[in-house]
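What the coordinates show
If you want the building blocks of each chain, they are given just below.
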Amino acid sequence: MQILDGLVVSQATKDELRLKVGQLTAAGKKVPHLAAVLVGSNGASETYVGSKVKTCEEIGYKSTLLRFPEDISEFKLLSAIQDLNNDPDIDGILVQLPLPKHISEAKVIETIDPSKDVDGFHPESAGKLVQGLPTFVSATPHGIMLMLEHYKIDTKGKHAVVIGRSNIVGRPMSILLSANTNPGNCTVTLCHSQTHNLKEICLQADIIVAALGRPEFVKADMVKEGAVVIDVGITRVPDASKKRGYSIKGDVDFANVSPKCSYITPVPGGVGPMTIAALMANTYRACMERN
Ligand code: NAD
């Protein structure tokens, strides 16, 4: 069993980007500028946005963090996004989800200029992805593809089972794995909360991508010997033994599943860092295409 080390692979991606940013600076050109929008003070969202801003600093990007109170009106938030759309210095816009209930996430996502949609959530980006056209690919599935590529994992003709059909992870993951690309060319089964016989389907999988947000849901008796297991899940589980009061759990029962796998991602240190690296790669691309 080999660990797919997201820290190592994401570092390689970030190092490459830092080098490119150095070249831009040396040539007197504009460096990528990411704007992050955070509404309210959800602990997990604060952590995610904090890591994204910190990574911008590490690489040499500019970043702007816009914070808004939990009770901001939808109208005001949409206006703020329009301002970012109109600001020529901003290359990428990310709005940290989830948003408060009174704000339509769909409207917010649709308001982002597709040329700055570095999260790849806009319907235009999602549509292009389905048609195999160049576009911003949602950072988590994009990061997973970078990881599969880095470890030269043979995906051609393999059966990939993706658990979860969200617009952010599961659905784009299924599209990418089924595309005529390398990595890709899988036969994909997309499972969700209404899937019957999930265990039997998983047992047929050469590759499992677990993205359902249920801690340790994927058990050893659901996994075939030699399978590649990608664990997207991040759930905070109360844990009195930790100073912060919780521990982070993935969607896979790592201790019991890992001995059966050829490759597996840990949580933390697997998909999470790759998501940030992919977001940074998308932001670099947005900057290049806009300038
Ligand atoms: P979501 O809640 O939007 O979607 C979950 C999906 O899982 C749904 O499509 C649902 O049908 C499916 N599902 C739920 N229960 C199921 C069950 N019992 N059997 C089969 N399918 C079931 O979640 P999401 O935004 O896609 O995120 C999924 C997980 O990934 C969460 O833990 C989230 O925190 C994590 N996540 C991690 C990263 C990262 O960078 N590592 C990025 C995004 C999301």
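Everything below is about the structure shown above.
Okay, the site of the ligand next. Lining the immediate environment of the ligand, one finds 21 residues, of which Arg165, Ser166, His192, Val232 and Thr275 sit closest. Between the ligand and the protein, one listed contact pairs an oxygen atom with a backbone N or O atom of arginine 165 at 2.8 Å. The contact in question runs from an oxygen atom of the ligand to an N or O atom on the side chain of serine 166, over 2.5 Å. Protein chains bury 73% of the 860 Å² of accessible surface belonging to the ligand in isolation. Looking at the shell around the ligand element by element, the count peaks at three residues for helix 10 (residues 271-290). Partitioning the shell around the ligand into residue classes produces nine nonpolar, 10 polar and two charged.

Counted under the stated rule, the structure contains zero aromatic pairs. The ring of phenylalanine 136 has arginine 285 lying over it, and the distance from NZ or CZ to the ring centre is 5.3 Å.

What follows deals with the sheet that holds strand 2 (residues 33-39). One open sheet holds the three strands; their spatial order is 3-2-4, and the pairing between them is parallel. Because the sheet does not close on itself, it has two edges, and the strands there are strand 3 (62-68) and strand 4 (92-95). Across the sheet, the mean angle separating the axes of adjacent strands is 15 degrees when strand polarity is ignored. Where helix 2 (residues 43-59) meets the sheet, its contacts fall on strand 2, strand 3 and strand 4, and the angle it forms with strand 3 comes to roughly 160 degrees.

Turning to empty space enclosed by the protein, a few remarks are in order. To find the voids left in a structure, one rolls a probe of water-molecule size over its atoms. Throughout the structure, instances matching the rule amount to one cavity of 30 Å³ or more. One number sums up the size of the largest cavity: a volume of about 50 Å³. It is strand 4 that provides the largest number of residues to the lining of the largest cavity, a total of three residues.

How each quantity is defined
Residues numbered from 1 in each chain as written. Predicted model: local features only at pLDDT ≥ 70, side-chain atom pairs only at ≥ 80, totals over all residues. Heavy atoms only, no water. Near = heavy atom within 4 Å. Polar contact = N/O pair within 3.5 Å; in protein donor to acceptor, adjacent residues only side chain to side chain. Areas by Shrake-Rupley, 256 points an atom, 1.4 Å probe, with all protein chains shown as cover. Helix = DSSP H or I, 4+ residues; strand = E, 2+ residues; numbered from the N terminus. Nonpolar A, V, L, I, M, F, W, Y, C, P; charged D, E, K, R; others polar. Phe/Tyr/Trp six-rings, centres within 6.5 Å; stacked < 30°, edge-to-face > 60°. Lys NZ or Arg CZ within 6 Å of the ring centre and 35° of its normal. Pairing = 2+ DSSP bridges. Axes fitted to C-alpha atoms, helices over the stretch in contact; angles between N-to-C directions. Contact = heavy atoms within 4.5 Å. 1 Å grid on protein atoms, 1.4 Å probe; cavity = no way out; pocket = protein on both sides within 12 Å on 5 of 7 lines; lining within 4 Å. Points joined across faces, edges and corners; volume = space filled by probe spheres on them.

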